[in-house]
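Inside the fold
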Amino acid sequence: AQTVTQSQPEMSVQEAETVTLSCTYDTSESDYYLFWYKQPPSRQMILVIRQEAYKQQNATENRFSVNFQKAAKSFSLKISDSQLGDAAMYFCAYRTPGGTSYGKLTFGQGTILTVHP
Amino acid sequence: DSGVTQTPKHLITATGQRVTLRCSPRSGDLSVYWYQQSLDQGLQFLIHYYNGEERAKGNILERFSAQQFPDLHSELNLSSLELGDSALYFCASSKGLAGGPITDTQYFGPGTRLTVL
């Protein structure tokens, strides 16, 4: 079974600085997708960024980028120019493309990000 | 706003009771997923429906059941409720089975917070 581990329960960053959130996963599959979701205090789950495992190029979305290391099974999220609105719980998630578990997202435990003004 | 709607937002009920949570997917999405978020278990996948058919089951209790109707809305039925069922229940939707992450990204509704007293 796939597992996702976020080893940092909490992180903090100063406004305008850069922070990196870590995520590792365990899988025997070669084709899969990885996601970062953000959950602000409103509890809404918001997609931040996604990465296809077959792509070597790291995904970027504005101030958010990932460092995807397939061999190391590592998928970290870098937030540049941090803003107060980035404060939230961040979840790393893994999804398989097929099989009986198709569509299932497996989530990590989450990392609470605090942004200091 | 993800385009996924869930009702009700909050539900307070007693042990032993039965409740129904409702989800309307984004326009054009055929897949609906249910997740449970609790303090002790984190975010866990419950069940996936595609175009009215059950496609995958996760850690869903036998006391829980779900359906997806012809208009694609879905209902999650929770019966014989216990204190431990108190959680935030999310519905997510995506285009369907085929395609890459552009079409398979899951967009989450705002959730239903269930409190069992």
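All of the points below concern the structure found in this document.

Definitions and limits used
- Residues numbered from 1 in each chain as written.
- Chains lettered and ligands numbered in written order.
- Predicted model: local features only at pLDDT ≥ 70, side-chain atom pairs only at ≥ 80, totals over all residues.
- Heavy atoms only, no water.
- Core = buried A, V, L, I, M, F, W, Y, C linked by side-chain atoms within 4.5 Å.
- Buried < 20%, exposed > 50% of the residue type's maximum accessible area, 1.4 Å probe, protein only.
- Helix = DSSP H or I, 4+ residues; strand = E, 2+ residues; numbered from the N terminus.
- Contact = heavy atoms within 4.5 Å.
- Disulfide = S-S within 2.5 Å.

Here we look at the nonpolar core
Ranked by size, the top nonpolar core spans 25 residues in total, and within it Y25, W36, F75, L77 and Y90 of chain A carry the most contacts. Those elements that place two or more of their residues in this core are β3 (19-21), β5 (33-39), β6 (46-52), β8 (64-69), β9 (74-79), β10 (88-95) and β12 (111-116) of chain A. The leading source of residues in this core is β10 of chain A, at four residues. Aside from chain neighbours lying at most four places away, what touches L77 of chain A is V19, T20, L21, W36, V48, I49, F64, S65, V66 and Y90 of chain A. One finds C23, V32, I47 and C91 of chain B within the second-largest nonpolar core, a separate group that totals 20 residues.

Description of the state of the cysteines
The final tally for this structure, using the stated rule, is two disulfides over all chains. Put simply, C23 of chain A and C92 of chain A are joined by a disulfide, and their sulfur atoms are 2.0 Å apart. A torsion of -65° about the S-S bond marks the disulfide between C23 of chain A and C92 of chain A as left-handed. Of this pair, C23 of chain A sits in the loop between β3 and β4 (24-26) while C92 of chain A is found in strand β10, placing the two residues 69 residues apart along the sequence. There is a disulfide in this structure between C23 of chain B and C91 of chain B, and the S-S distance comes to 1.7 Å. Its S-S torsion of about -45° marks the bond between C23 of chain B and C91 of chain B as left-handed, since a negative value means left-handed. With C23 of chain B in strand β3 (residues 19-24) and C91 of chain B in strand β9 (residues 87-94), the pair connects residues that are 68 residues apart, well separated along the chain. Owing to a relative accessible area of 1%, C23 of chain B belongs among the buried residues under this scheme. Judged by relative accessible area, which is 0%, C91 of chain B ranks as buried.

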